[in-house]
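Topology and contacts: notes
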Amino acid sequence: MLFVTLHGGKPGAHPHKNNVHAYDKDGKLVTPSVLQDSDNVVLDELRGIGLFGKLLYVVNANNTQNSLLCYEGSDTNYKFVSKFVSQQTCNGVVHPFDFAFDGAGHCYLSSQDTNLVTRFAVSADGKIGNPAPLAPALPHGNFPPGTFVASSVGNLCGLQTTAVPAPLGLQYSDDGQKKHSVRGIVWANNALYVVDQVAGTVKVYDSNGNLLGQSNQVETPVHLNLHNGNLFVTGANSVLTAKVTQPAGNFNLSALPGLHIKNAGGMAFGNEGNVYVASRTEKLIQKLDPKFQPLTPAFPMPDDPEFLFHI
């Protein structure tokens, strides 16, 4: 089954637009509301989604929510357990996008508006994250609690923060109508891979926050996925890939030949080897075979698809 988060916002007469949708392997809608309603949560602008242990985690990017939510359940029915983290418990969490667990007691969360990656210590039951100590690689300065990777532009979102020059710090741009900043993250090879959208690269950090290397420059990277030792990057009109290097360091991304998906976004790999790739602006999800060839006509979405998760 495929879980899908949608862009959301201003649901009007369609409140389920902001819930997690579930589809079968052929794109048939199973339910538009995987997550049960809770008095403590307003579901809106959901982003990153994934399982760790027995719990389902979902990013809520709405500017009144700014949180990573925790659910438990099975099939297509998950009940709210806790706010794993929120802006109230860590002020660096503003417009969160993606998260990753390292399997060693930490969770990492990227936040677009503060242009940070924050590290959290995970409680024994997995339901609460508390800001971890600042990354040792950071210079002396002012940083929100738990800062692991800092921004090259300080004082965002009204916070008094120290700018950390690139390449260690993440680049940031607010020219025009849209802000461009940190996006997808994934933990692999004992390192954190982070999409620096403005720099056009994927950067690699060790567990102390030291920069180990980065990818070649590519067009508008956004989403980052790991599958069978390979990294996959989407964001423009192609799917880029590279082998995870041993040890972690510089690497080169290259486009999968012959595959064109406009404004490619979320990506997921099925148990049978099939691949699903979202087109954000076209409101479609394309199903591909293990060789990345289209299998069926793309199936439509009711809104711009953001993240995909195969369960």
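Refer to the structure above for everything that follows.
Residues numbered from 1 in each chain as written. Predicted model: local features only at pLDDT ≥ 70, side-chain atom pairs only at ≥ 80, totals over all residues. Heavy atoms only, no water.

**Focus: the overall build of the protein chain**
Cut-off, in case you're wondering: Secondary structure elements follow DSSP: runs of H or I no shorter than four residues count as helices, runs of E no shorter than two count as strands, and numbering proceeds from the N terminus. We compute the radius of gyration from the C-alpha atoms alone; for a globule the expected value is 2.2 Å times N to the 0.38, where N is the number of residues. Summary of the burial criterion: residues with accessible area below 20% of their type's maximum are buried, those above 50% are exposed, and those between are partly exposed, where the area comes from a 1.4 Å probe applied to protein chains only. Should any heavy atoms of two residues lie within 4.5 Å, those residues are considered in contact. For the area figures, the Shrake-Rupley method with a 1.4 Å probe applies, and any residue is considered shielded solely by the protein chains shown.
Of the regular secondary structure elements, the protein chain holds 0 helices and 25 strands. Taking 19 Å as the expected radius of gyration for a compact globule of 311 residues, we find that the protein chain reaches 18 Å, a close match to that expectation. The principal-axis extents of the C-alpha atoms in the protein chain amount to approximately 55 × 45 × 40 Å. Taken over 311 residues, the protein chain has a buried fraction of 57%. Sequence-distant contacts in the protein chain: of pairs separated by 6 or more residues, those separated by 24 or more amount to 46%. In the form shown here, the protein chain has an accessible surface area of approximately 13,100 Å², with 49% of it arising from carbon and sulfur atoms.

**Things to note about the nonpolar core**
Within soluble globular proteins, side chains that are nonpolar tend to cluster in buried spots. To be explicit about the condition: Working definition of a nonpolar core: buried Ala, Val, Leu, Ile, Met, Phe, Trp, Tyr and Cys residues. They are joined through side-chain atoms within 4.5 Å.
Core analysis: the biggest nonpolar cluster contains 19 residues, and Phe3, Val20, Leu35, Ile49, Leu56, Val58 and Tyr71 have the highest contact counts within it. If you list the elements that add at least two residues to this core, you get β4 (46-52), β5 (55-60), β6 (67-74), β7 (77-86) and β25 (305-310). Apart from the residues lying within four places of it in its own chain, the contact partners of leucine 35 are Asn19, Val20, Leu43, Leu46, Leu56, Val58, Tyr71 and Tyr78. Listed in part, the 18 residues of the second largest apolar core include Ala100, Leu116, Phe143 and Ile185.

**A short note on the sheet that holds strand β23 (residues 284-288)**
Whether parallel or antiparallel, the strands of a sheet pair through hydrogen bonds between backbone atoms. Note the cut-off: When DSSP finds at least two bridges between two strands, those strands are taken to pair.
Sheet architecture is open: 4 strands sit in the order β21-β22-β23-β24, paired in antiparallel fashion. Each edge of the open sheet is held by one strand with a lone partner, namely β21 (264-269) and β24 (299-300). In terms of strand pairing, β21 meets strand β22 (residues 275-279) through 4 bridges, oriented antiparallel. Considered in β22, the bridge of phenylalanine 269 is made with valine 275.

**Notes on the pairing of β4**
Among the 7 residues that make up β4, 5 are buried, leaving the element largely enclosed by the rest of the structure. As paired elements, β4 and β5 share 5 bridges and run antiparallel to each other. For isoleucine 49, the partnering residue across the bridge sits in β5 and is valine 58.

**Some points on the pattern of salt bridges**
Counted only if it meets this: Salt bridge criterion: a side-chain nitrogen from Lys or Arg within 4 Å of a carboxyl oxygen from Asp or Glu.
Applying the stated criterion across every chain yields a total of 6 salt bridges. Put simply, lysine 203 and aspartate 196 hold a salt bridge, and the shortest N to O gap is 2.9 Å. In this structure, lysine 203 and aspartate 196 share a single accessibility class: buried. Among the salt bridges present, the one from lysine 283 reaches aspartate 304, with a minimum N-O distance of 3.1 Å. Remark: aspartate 304 occurs in the loop between β24 and β25 and lysine 283 occurs in the loop between β22 and β23; sequence separation between them is 21 residues.

**Digging into the packing of aromatic side chains**
Keep this limit in mind: Centres within 6.5 Å are what make two rings of Phe, Tyr or Trp a pair, Trp counting through its six-membered ring; a difference in plane orientation under 30 degrees is then read as stacked, over 60 as edge-to-face, and the rest as tilted. The rule is short: NZ of Lys or CZ of Arg within 6 Å of the ring centre and within 35 degrees of the ring normal puts a charge over the ring.
In the structure shown here, the tally under the stated rule is 15 aromatic pairs. On the basis of an interplanar angle of 50° and a centroid distance of 4.9 Å, the ring pair of tyrosine 57 and phenylalanine 101 is categorised as tilted. On the criterion of sequence distance, the pair formed by tyrosine 57 in strand β5 and phenylalanine 101 in strand β8 (residues 96-101) is long-range, its members being 44 residues apart. Phenylalanine 101 carries the same exposure label as tyrosine 57, and that label is buried. Consider the rings of tyrosine 71 and phenylalanine 80, whose centres lie 5.7 Å apart with planes at 75°: the pair is edge-to-face. Here tyrosine 71 falls in the buried class, since its relative accessible area comes to 1%. The ring of phenylalanine 97 carries the charged tip of arginine 183 above its face, separated from the ring centre by 5.8 Å.

**Regarding the sheet that holds strand β15 (residues 201-205)**
Stated formally: To get an axis, fit a line to the C-alpha atoms, keeping to the stretch in contact for a helix; angles then go from 0 to 180 degrees between the N-to-C directions.
Spatial ordering of the open sheet is given by β13-β14-β15-β16, a layout of 4 strands whose pairing is antiparallel. The two strands at the open ends of the sheet, each matched to only one other strand, are β13 (182-188) and β16 (211-214). Each strand of the sheet is rotated relative to its neighbour by a mean of 25°, with strand direction disregarded. Bridge analysis of β13 against strand β14 (residues 191-196) gives 5 bridges, and the strand direction is antiparallel. Considered in β14, the bridge of alanine 188 is made with alanine 191.

**A word on the environment of proline 139**
As for its placement among the helices and strands, proline 139 is situated in the loop between β11 (129-131) and β12 (147-149). Take proline 139: its relative accessible area is 36%, and that puts it in the partly exposed class. Here the alpha-carbon distance between proline 139 and threonine 76, two residues 63 residues apart in the chain, equals 45 Å.

**Quick look at the environment of aspartate 37**
Mapping aspartate 37 onto the fold places it in the loop between β3 (29-31) and β4. For aspartate 37, a relative accessible area of 72% gives the class exposed.

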